[in-house]
Amino acid sequence: MQDASNEVPLTQEERERIRLKRLERLQATMSTQTPPQQQKQQQQQAQDPVRSPQSSSSSTAQSPVIRKAQPEVVSKPVATQLKSPSSSVPSTPKQPSLTFEAWQNEALSRILQVSLNKNAAAPLLFLSSLAEELSNENEPLLISQASLDRVLVDRMSVDPNDSANASLLDRGQLRLTLFDYLLDCWRRLEMVKSQTSRVKTLPANVIEERVQSLSASKGLLVSYAGLVLQMPDMFPQIQTGTNLGAQQLIDKLLADSDAANGVPTEFLKDIAERFKDDGLDAIVQPLVVGLAARSRTATILTDWRTPLRALLTLTDIPAMAAAIPQVATWNPANATARQLEIVSALGPFLKTSGFCADDPSVAELFGTGLKRNKSDASGAFASIRGAVRGLHTSLFQGVNGIVRSGAEPREKMLAFFYSVLRKNERRAQMQVDRATVSGDGLIYNMTEILMRFCDPFMDSSHSKVDRISQTFFRGNPKIDISKVTRICAPKEVIDAYTNSDAQPGSINFISDIFFLTLGFHHIGVSRMYVDYKRFMKDFYEMRDQYDRLKEQETAGQLSAENGLLIQRYETQLDKMTTFRLSLESQILDPIILGHSFQFYNLVMVWLLRLVDPAQAYPRSPIKLPLPARPSDDFAILPEYIIEDIVEFFIFVLRHSPETVASSTMDELVTFTMVFLSTPGYIKNPHLKAKLVEILFFMTLPYRGQRNDDTLGIKLNTNPMALQCLVPAIMNFYVEVENTGRHSQFYDKFNIRYNISQILKFVWTNPIHRDMVKAESQKSESFVRFANLLMNDTTYLLDEGLSKLAEIHEIEVEMENKTAWAAQTPQYRQEREGVLSTAQRQASSYIALGNETVNMLSYLTVEIKEPFLTAEIVDRLATMLDYNLVILVGEKMSNLKVKNPEEYRFQPRILLSDIISIYLHLDTPTFIAALARDERSYSAEIFYAASRILEGRNLKSPDEIAKLARLVRKVEDARLKEAQDEEELGDIPDEFLDPLLYTLMEDPVILPTSKMSIDRSTIKSHLLSDSTDPFNRKPLNIADVVDDVDLRAKIQTWKASQRSKSTTTPMEID
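Residues numbered from 1 in each chain as written. Predicted model: local features only at pLDDT ≥ 70, side-chain atom pairs only at ≥ 80, totals over all residues. Heavy atoms only, no water.

1. Observations regarding the overall build of the protein
What the protein contains, in helices and strands, is 40 helices and five strands. In the protein, buried positions account for 52% of the 1069 residues. Relative to all contacts within the protein whose residues are 6 or more apart in sequence, the contacts with residues 24 or more apart total 76%. (Helix = DSSP H or I, 4+ residues; strand = E, 2+ residues; numbered from the N terminus. Buried < 20%, exposed > 50% of the residue type's maximum accessible area, 1.4 Å probe, protein only. Contact = heavy atoms within 4.5 Å.)

2. Some points on the packing of helix H37 (residues 939-951) against helix H38 (residues 957-984)
Interhelical geometry of H37 versus H38 gives an angle of 180° and a closest axis separation of 10 Å. In terms of orientation, H37 and H38 fall into the roughly antiparallel class. Across the interface between the two elements, Ala-939, Phe-942, Tyr-943, Ser-946, Leu-949 and Glu-950 of H37 pack against Ile-960, Leu-963, Leu-966, Val-967 and Glu-971 of H38. Tallied by class, the residues present in the contact of H37 with H38 amount to eight nonpolar, one polar and two charged. (Axes fitted to C-alpha atoms, helices over the stretch in contact; angles between N-to-C directions. Parallel < 35°, antiparallel > 145°, perpendicular 65-115°, else oblique. Nonpolar A, V, L, I, M, F, W, Y, C, P; charged D, E, K, R; others polar.)

3. Description of empty space enclosed by the protein
According to the stated counting rule, one finds six cavities of 30 Å³ or more in the structure shown. There is about 60 Å³ of room inside the second largest cavity. Leu-308, Leu-311, Leu-312, Thr-315, Leu-346, Phe-349, Leu-350, Leu-395, Gly-398, Val-399 and Ile-402 together form the lining of the second largest cavity. Put simply, the parts of the chain that give the lining of the second largest cavity at least two residues each are helix H12 (305-315), helix H15 (347-350) and helix H16 (378-403). Among the residues making up the lining of the second largest cavity, the classes are represented as nine nonpolar, two polar and no charged. (1 Å grid on protein atoms, 1.4 Å probe; cavity = no way out; pocket = protein on both sides within 12 Å on 5 of 7 lines; lining within 4 Å. Points joined across faces, edges and corners; volume = space filled by probe spheres on them.)

4. Regarding the layout of surface pockets
Rolling a probe over the atoms, with the probe sized like a water molecule, indicates the empty space that remains. Approximately 1400 Å³ is the volume attributed to the second largest pocket. Taken together, 38 residues form the lining of the second largest pocket, with Asp-874, Arg-932, Glu-977, Thr-998 and Leu-999 sitting closest to its centre. Mapped onto the lining of the second largest pocket, the elements with two or more residues apiece are helix H34 (870-888), helix H36 (924-932), H38, helix H39 (1015-1022) and helix H40 (1044-1063). Counting residues per element, the lining of the second largest pocket draws most heavily on H38, which supplies eight residues. Classifying every residue of the lining of the second largest pocket gives 15 nonpolar, seven polar and 16 charged.

5. Here we look at H36
Three or more residues of H36 are buried, namely Phe-926, Ile-927, Ala-929, Leu-930 and Ala-931. As for H36, its buried residues are in contact with H34, helix H35 (907-920) and H38.

6. Brief notes about a nonpolar patch on the surface
On the surface, a nonpolar cluster with roughly 330 Å² of combined accessible area is contributed by Leu-995, Leu-996, Met-1011 and Phe-1030. Counting through the fold element by element, Leu-995 comes out in the loop between H38 and strand S3 (1003-1005). (Patch = residues over 30% accessible without salt bridge, like charges linked within 9 Å, V, L, I, M, F, W, Y side chains within 5 Å. Areas by Shrake-Rupley, 256 points an atom, 1.4 Å probe, with all protein chains shown as cover. Salt bridge = Lys/Arg side-chain N within 4 Å of Asp/Glu carboxyl O.)

7. Here we look at a negative patch on the surface
On the surface, Asp-538, Glu-541, Asp-544, Asp-547 and Glu-551 cluster together into a negatively charged patch. Within the secondary structure layout, Asp-547 lies in helix H21 (residues 525-554). (Lys, Arg positive; Asp, Glu negative; His and termini not counted. Charge placed at Lys NZ, Arg CZ, Asp CG, Glu CD.)

8. Focus on the packing of helix H25 (residues 639-655) against helix H27 (residues 685-698)
Relative placement of two packed helices is described by the angle separating their axes and the distance separating the axes. Put simply, H25 and H27 touch, their axes get as near as 9 Å, and they point 20° apart. Taken together, the axes of H25 and H27 lie roughly parallel to each other. By crossing handedness, the relation of H25 to H27 is classed as left-handed. Contact with H25, carried on its side by Glu-639, Ile-642, Glu-643, Val-646, Glu-647, Phe-649, Ile-650, Leu-653 and Arg-654, involves Leu-687, Lys-690, Leu-691, Glu-693, Ile-694, Phe-697 and Met-698 of H27 and no other residues of that element. Residues of the contact of H25 with H27, tallied by class, amount to ten nonpolar, no polar and six charged. (Left-handed = near helix turned anticlockwise from the far one by under 90°.)

9. Side note on the packing of aromatic side chains
Under the counting rule described, the total for this entry stands at 44 aromatic pairs. A centroid spacing of 4.1 Å and a plane angle of 15° characterise the contact between Phe-472 and Phe-515, whose relative ring orientation is stacked. Residue Phe-472 is located in the loop between helix H18 (440-454) and helix H19 (491-498), and its partner Phe-515 is located in helix H20 (residues 509-523); the two are separated by 43 residues in the primary sequence. Phe-515 carries the same exposure label as Phe-472, and that label is buried. When the ring centre of Tyr-181 is taken as reference, the NZ or CZ atom of Arg-155 above it lies at 4.0 Å. The ring of Phe-275 carries the charged tip of Arg-274 above its face, separated from the ring centre by 4.4 Å. (Phe/Tyr/Trp six-rings, centres within 6.5 Å; stacked < 30°, edge-to-face > 60°. Lys NZ or Arg CZ within 6 Å of the ring centre and 35° of its normal.)

10. Quick word on the side chain of Lys-955
For Lys-955, the position within the fold is in the loop between H37 and H38. Here Lys-955 sits buried without a salt bridge, and the closest side chain of opposite charge, Glu-959, lies 4.3 Å off (N-O distance). A polar contact of 3.2 Å, which involves the side chain of Lys-955, links it to the side chain of Ser-912. A polar side-chain atom of Lys-955 sits 2.4 Å from a polar atom in the side chain of Ser-916. (Polar contact = N/O pair within 3.5 Å; in protein donor to acceptor, adjacent residues only side chain to side chain.)

11. Let's talk about the side chain of His-521
By the element assignment, His-521 lies in helix H20. Residue His-521 is classed as buried on the basis of its relative accessible area, which comes to 0%. Look past the residues within four positions of His-521 in its chain and what remains in contact with it is Thr-447, Met-451, Ser-526, Arg-527, Ser-596, Phe-599, Tyr-600 and Asp-644.

12. Brief notes about the confidence of the model for the protein
With 89% of its residues at a pLDDT of 70 or more, the protein has an overall mean of 87. Of the regions scoring below 50 in pLDDT, residues 1-12 engages in 37 contacts with residues more than four places distant in sequence or in other chains. Scored below 50 in pLDDT, residues 25-91 shows 134 contacts in the model against residues more than four places distant or in partner chains. (pLDDT = per-residue confidence, 0-100.)

13. Remarks on a positive patch on the surface
Judged by side-chain charge, Lys-533, Lys-537, Arg-548, Arg-654 and Arg-840 come together as a positively charged surface patch. Looking at the element boundaries, Lys-537 is found in helix H21.

14. So, unusual backbone geometry
That bond from Ala-122 to Pro-123 is cis: its omega, 10°, falls within 30 degrees of zero. The topology assignment puts Pro-123 in the loop between strand S1 (114-115) and strand S2 (125-126). Put simply, Leu-624 and Pro-625 share a cis peptide bond, and its omega is 0°. In this fold, Pro-625 is placed in the loop between helix H23 (590-611) and helix H24 (632-635). Even without glycine at this site, Asn-899 takes up a positive phi of about 50°. Within the fold, Asn-899 resides in the loop between H34 and H35. One non-glycine residue, Lys-1010, adopts positive backbone phi at about 65°.

15. Some details on the environment of Thr-485
Within the secondary structure, Thr-485 is located in the loop between H18 and H19. Judged by relative accessible area, Thr-485 falls into the partly exposed class, the value being 44%. Separated by 153 residues in sequence, Thr-485 and Pro-638 place their C-alpha atoms 5.9 Å apart. In contact with Thr-485, other than residues within four places in its own chain, are Leu-637, Pro-638 and Glu-639.

16. Quick look at the sheet that holds strand S4 (residues 1012-1014)
Within a sheet, neighbouring strands are paired by backbone hydrogen bonds and run either parallel or antiparallel to one another. Taken together, three strands build an open sheet; the order of strands is S4-S3-S5 and the sheet is antiparallel. At either margin of the open sheet sits one strand with a lone partner, and together these are S4 and strand S5 (1041-1042). When S3 meets S4, the two strands line up antiparallel, connected through three bridges. Looking at S4, one finds that Ile-1005 is bridged to Ser-1012. Across the face of the sheet, H39 comes into contact with S3, S4 and S5 while running at roughly 85° to S4. (Pairing = 2+ DSSP bridges.)

Shown next, in the form of structure tokens:
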């Protein structure tokens, strides 16, 4: 040790023994001392004497690398040699005034803040022990490359905590930790090196010699800096209470790299290069753990950037990035999905969230009050979206740095993503305990990271789609789909595929990213879209209840109990509004939606390529029809892939259609056409219905657009849509009669409403209209379509108009204020509940009924025959007559309600459409059917309708005249029908239809029950029920047998009865 007089109280032998003992802990070979005559040669070679435990004794010195850096200046170098050259540059370089040895001694003294001269002034520290050693060895008292190692060891062996050295603390930076001291030395060396390399007044060989010497010296400084990080107790260190070792770097990483308390990036690169294969993990791991701890408490509204920026400093250095996945907490196997956010190495960074469900403080951005809306929150939207976008950019930079650092880190990163996906499978369920899964923020952030990895293969031409594995789920896949529903594969196919000896082969990085992105969308944003829809339904219901109570309050009819309920509603609605705005700020971000749009375009192309027998899509158009059975690779895919696609596009088209407005949407249109047109490829009719819903939303005008300017224009220009749309939706109209769901009865009306809107939209296109006509030529299928259309019209109008009558009754009751107030609160509440239900149902039924009647109206302009078949025409005539009576008959006043537009009730338009159907079908067959309707037909009803049509100017005079002629023809037919019945008299029971009890015209025998029934009756029955009506056994119309004998008997009997009628004289009163 050194005292105040720079004398050494320990013997030289003791000092040497201590030094060697510490060096032994390094387990490295030190460079040997050389005689003075070889010193210059060794300086030029710039060998690094500090070796790692893994390096051999023959390892070469670290190669000098000259880097341009601007570190903070700690102390000024030697004035005569280290100043920047004068602006006046001599034409011929001068020889240096100092020898290389003298310059090297002076430069290293200033850099290391030490000296071998006992008269050195502060702040240089005199190394008396080393000076004595060199004197005894007859070595010059100069600091050189050869003696640098000994100089550093002697400097670092000084114990700053020893009271004997108290007077020396202001010399040699003894007040600093050894790492800080070595870092300052590195900074000074970089400055000297930079200045030296710019000198113009010295010969080039002199400058080169000096720069090489400094580079070699830097290598030794870096080696010792890394060693004291790895083994902080190797040398005595000042006791300041701060953590030593690698943890010292944490605060420096959090500071700016150019700041005095920071750490230069170039220095970290030097550390990484030196210790890449020599214990770099031991340095990096404490840093990652420490930075994660700092990020754990950060939120999107606080300083999340600083710890993340520090992490990025590490990931930008490949060697350090490669060491990060070696951290013990990288992917904790036993951690739950929620715990991963806290205990995993990257979890604290990834969990930073813009969702108030994760971070309640986000709610502060959106204010309070029930009158808030999106425009009021525009500033908050911009702020939170900007922060989250910046977060995504930084997170991707960090993850990308790890992925690109090597094959092993890349695989560990993928394994972490797969682990998070697997542990969050429950997020895809309808009901989930949020405490058992990761937060929305973490999943949302990881999804966007994955989508940025998808960017290189999401080009518009999908040029790399063939590199995505088609057998990813074969064997033992990385994503477990054993418990999920498949697109269309039966159990035996799934079992055979899973147990097949064939393996998926090597899964490339593109495939890993593609299927991970699919998985994270499924548990992330796709679930959020569904939850948002459900949340908004609850939100609107509560708001409606609140509005009704406020109306009661205004009218002075509010009870004290309901007054308290209003306050609770206000509090809850305020919270729900905040939650809504927070959610919309994230899931409606146009950048994120645009990214998902690109990704799902790629997914659709991949699926279409998978079902394309030629495997040529998208380079060549896919050709229909497809094979009857899809490939197993397609059939076994999780159904949620299709489900997530349709949910995404429905969400975007409803809430942000401008996101996709600029796209051709060819992928989407082709996708919907192929899978709507190909039976069996998607077994879930609910998913096919969602495809129809997508097409429906495309036909709607979107914000800021004209009513005739919609995304549906794609349906009128896309070649496949022109070919397939009409047949596909008309077939599906029939198919949804039986969906297999408990709610199929109501589902079918919504689906058919969408189909009616699509058909009405494309009806003006001649190509589509011709396709409808072509479909009508397929008599059996189109008759089924017409039958269901008629059935729907009958049911919907009946229900809708009945609900209007119910609303009318309650409104009349409530208008009598005195009588209403006299009723008990319970009675009033019950009636208000009935009214609310009726209002909701009326709106739905009437809207659907309007569209079906309108479809009948425009279809019958061009297509008549299918509606005039024996199994259709009588029921069609009866349905029209019945609804005409309701609209213009004696009870039409029962349909008068307040605000009929709320229920979409437009009686004039409805009446006009019904009358149009009569006029379009003005044929003998239809006239006869009207004449047979004894339940609802009345000439007086038509006369009443004509007066309304004329008075309201709903039809032209020619149309009204045509309607009058139709009525006259019906009256004539009814007269003739009465005469025919009189001629026939009583009909024998064996000639009567067993279901309708009318005279059979074309009797057939049913194969299983052996019953005889009229052909038109059984055909009508089979349109809605494919069983024998007498024994419920399966029945096909092709299986019936003509009852030739019975038909002959009927014809003979009819002729006989008519003959009797003509020969019997008329009785005269």
